[in-house]
Amino acid sequence: MSTSTLINPATEEVLRTVELLDVPAVDDAVARAKSAQKAWAKLAPAERAAALRSFAAQVDAHIGELAALEVANSGHVIGNAEWEAGHVRDVLQFYSASPERMSGKQIPVAGGLDVTFNEPLGVVAVIAPWNFPMTIASWGFVPALAAGNAVLVKPAEITPLTTMRLAELGLEAGLPDGLFQVLPGKGSVVGERFITHPDIRKIVFTGSTEVGVKVMAGAAQQVKRVTLELGGKSANIVFDDCDLEKAAATAPYGVFDNAGQDCCARSRILVQRNVYDRFMELLEPAVKGVVVGDPTSRDSEMGPLVSRPHFDTVSSYVPDGAPIAFQGSAPTGPGYWFPPTVLTPQRSDRTVTEEIFGPVVTVLPFEDEADAIELANDSPYGLSGSIWTDNLSRAMRVSRGVESGNLSVNSHSSVRYNTPFGGFKQSGLGRELGPDAPLHFTETKNVFFAIGEL
Ligand code: NAD
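Residues numbered from 1 in each chain as written. Predicted model: local features only at pLDDT ≥ 70, side-chain atom pairs only at ≥ 80, totals over all residues. Heavy atoms only, no water.

Structural notes on the packing of aromatic side chains
In plain terms, the rule: A pair of aromatic rings is counted whenever rings of Phe, Tyr or Trp (Trp by its six-membered ring) have centres within 6.5 Å, and the orientation is called stacked for planes under 30 degrees apart, edge-to-face for over 60 and tilted otherwise. In this text, helices come from DSSP runs of H or I with a minimum length of four residues, and strands from runs of E with a minimum of two, each type numbered from the N-terminal end. When accessible area is computed with a 1.4 Å probe and restricted to protein chains, residues below 20% of their type maximum are described as buried, those above 50% as exposed, and intermediate ones as partly exposed. To sit over a ring, a charge needs its Lys NZ or Arg CZ within 6 Å of the ring centre and within 35 degrees of the ring normal.
Using the criterion set out here, one finds 9 aromatic pairs in the structure. Relative to phenylalanine 141, the ring of phenylalanine 55 has its centre 6.2 Å away and its plane inclined at 20°; by these criteria the two rings are stacked. With phenylalanine 55 in helix H2 (residues 45-60) and phenylalanine 141 in helix H5 (residues 133-146), the pair connects residues that are 86 residues apart, well separated along the chain. Each of the two residues, phenylalanine 55 as well as phenylalanine 141, counts as buried. Ring centres 5.2 Å apart and planes at 65° place the aromatic pair tryptophan 139 and phenylalanine 421 in the edge-to-face group. Within this pair, whereas tryptophan 139 is found in helix H5, its partner phenylalanine 421 is found in the loop between strand S16 (408-409) and strand S17 (428-429), the two being separated by 282 residues in sequence. Here the aromatic cluster, defined as three or more aromatic residues joined through ring pairs, consists of Phe55, Phe141 and Phe180. A cation over a ring is seen here: arginine 308 above phenylalanine 311, with NZ or CZ 5.5 Å from the ring centre. Stacked on the ring of tyrosine 317, the Lys or Arg arginine 350 has its end atom at 3.9 Å from the ring centre.

Rendered as structure tokens:
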């Protein structure tokens, strides 16, 4: 069995090693999940609801421990990591109401009674990325469990610790053995086996568009259901009629949160030309004010990048001679530190078109509403974005015009557990979160009962 050595990205010290599972271990896990799922689906809805509430309480009692693990494994600043652990609890609480509310439909037809049932799929697999390990895993495994499925989660190779701990907390909370398992392993081994295993009925994949395309193609062989949450290159559109001070003060946090390793990062700032110079004057102190440092410190607003290879990738977008407008600061010495960086390239530059997934933002001027919408949509992605304007009609027009799954007006909010989340175009397929998420882990079964003439 191979192992993965985990490195603390803020110190470059070895944290621990984790065993990576092989194909026979995955097959054993699927067999256990299959039998656990049958018993779980037979439980009364109220019993499944109670089990999820216990799991939520168990997570709540371990927020500090989960957050500390994420700080050490992923370099998230402590305030963010605590929010993430609390978010997992909230997701569990929200969907603990679902088992008792999946009521199906009664449809009026001639000669009988017609009803629909929302049947669980069976065993569902979640493949998670490294950028928000526990929150993104929870968006898949919680509604899937609520809908009566068993779930296997493969965390990213370099950030498995919080997800592994969540599996233990689930067992401690009383979830049946085998129902919710976390299987650390390589994408090419565990991830691929999820795709080919006939007893896995759905894959929830979050990660790069490149791998997402492979997952979808592989799943097609068995007409396996997929939800895909992929890359992004979201626009933050700043019109001349907005509160420019607020737009500039918040723009760094719309892109540099989690060191820019956020699929929703507003990594293209588009500014109306007549306020461009003033916006840049206001943006500079805001960027330089971002506190980058030790993620265990409550003063830190941004930590390091997750790994050395990722640091090298991000660095390749800012070579000598890059059009840097200004940069913030970052610690020197050990750790994968990269300063918040603002670029002013041409519209066709690869820093404008490619997802960098680091603390690098491009700023481009635009002329008018039509130009802003065209520029925002000039991307294969369509995940998130922000629109800054005090004109309500313009806010409506532009938010309908931008091809993106999650927009916010005069703020940078993307994710709430009670609202749907997902991408247009190559940012993904399907939606997570929101009231309907458990339905995406069911098949609709229609049954007609002939009762003759009344
Ligand atoms: P990645 O695609 O490299 O890996 C994601 C997961 O897929 C990992 O667990 C990896 O082990 C696994 N994997 C790799 N090859 C596989 C294969 N052949 N078969 C099955 N699984 C395989 O992505 P990453 O670098 O971990 O994450 C960063 C990317 O994720 C960015 O593009 C980001 O935008 C995207 N992301 C999207 C969302 C969203 O909700 N849309 C959220 C977070 C991250």
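Having seen the structure, we can now continue with the description.
Regarding the domain arrangement of the chain
Here is the rule: An automatic or database domain assignment provides the domain bounds reported here. Throughout, a contact is declared for two residues whenever any of their heavy atoms are within 4.5 Å. Values labelled buried area give the accessible surface lost by two parts on being combined, using a 1.4 Å probe and summing over both. Think of a salt bridge as a Lys or Arg side-chain nitrogen and an Asp or Glu carboxyl oxygen that are within 4 Å of each other. Counting of polar contacts relies on pairs of N or O atoms within 3.5 Å, with two restrictions inside protein: one atom must be capable of donating a hydrogen and the other of accepting it, and residues adjacent in sequence are counted only when both atoms are side-chain atoms. Side-chain classes follow a simple rule in which Ala, Val, Leu, Ile, Met, Phe, Trp, Tyr, Cys and Pro form the nonpolar group, Asp, Glu, Lys and Arg form the charged group, and the remainder, Gly included, forms the polar group.
For the chain, the assigned domains are domain 1 (3-230 + 427-449) and domain 2 (235-416). Computed over C-alpha atoms only, the centres of domain 1 and domain 2 are separated by 30 Å. Counting residues at the interface gives 26 residues for domain 1 and 31 residues for domain 2. For the pair domain 1 and domain 2, the summed buried area comes to about 2200 Å², and 59% of that belongs to carbon and sulfur atoms. For the pair domain 1 and domain 2, the number of links is 2 salt bridges. One salt bridge connects glutamate 82 with arginine 298, and the closest N-O pair in it is separated by 2.6 Å. Linking domain 1 to domain 2 there are 11 residue pairs in polar contact (both at pLDDT 80 or more). When contributions to the side of domain 1 that touches domain 2 are tallied by element, the ones reaching two or more residues are helix H3 (63-74) and helix H4 (78-95). Split by residue class, the side of domain 1 that touches domain 2 holds 12 nonpolar, 10 polar and 4 charged.

Section: the UniProt feature "active site" (unreviewed entry) in the chain
The criterion, for reference: UniProt positions are given in the numbering used here, feature names are shortened, and annotations may be inferred rather than shown by experiment.
The sites that UniProt annotates as "active site" (unreviewed entry) are Glu229. On the secondary structure map, glutamate 229 appears in strand S9 (residues 225-229). The exposure class of glutamate 229 is buried, given its relative accessible area of 3%. Apart from residues lying up to four places away in sequence, glutamate 229 is in contact with Phe205, Thr206, Gly207, Leu383, Phe421, Gly422, Gly423, Ser427, Gly430, Arg431 and Glu432.

Looking at the environment of glycine 422
Here glycine 422 lies in the loop between S16 and S17. Judged by relative accessible area, which is 0%, glycine 422 ranks as buried. Between the C-alpha atom of glycine 422 and that of aspartate 277, which follows or precedes it by 145 residues, the distance is 34 Å. Beyond its immediate stretch of four places on either side in the chain, glycine 422 contacts Glu229, Leu383, Gly405, Asn406, Gly430 and Arg431.

Let's talk about the packing of H5 against helix H6 (residues 161-172)
Worth spelling out the cut-off: Lines fitted to C-alpha atoms define the axes here, with helix axes fitted over just the stretch in contact, and angles between the N-to-C directions of these axes take values from 0 to 180 degrees. Orientation labels follow simple angle bins: below 35 degrees gives roughly parallel, above 145 gives roughly antiparallel, 65 to 115 gives roughly perpendicular, and whatever is left gives oblique. By convention, the crossing between two helices is left-handed when the near helix turns anticlockwise from the far helix through less than a right angle, and right-handed when the turn is clockwise.
Running from amino to carboxyl end, H5 crosses H6 at an angle of 45°, the nearest separation of the two axes being 8 Å. If you check the angle between H5 and H6, you find them oblique. When you trace H5 past H6, the crossing you get is right-handed. Taken together, the residues of H6 that come into contact with H5 (itself represented by Pro133, Met134, Ala137 and Phe141) are Thr162, Thr163 and Leu166. Considering only residue class, the contact of H5 with H6 consists of 5 nonpolar, 2 polar and no charged.

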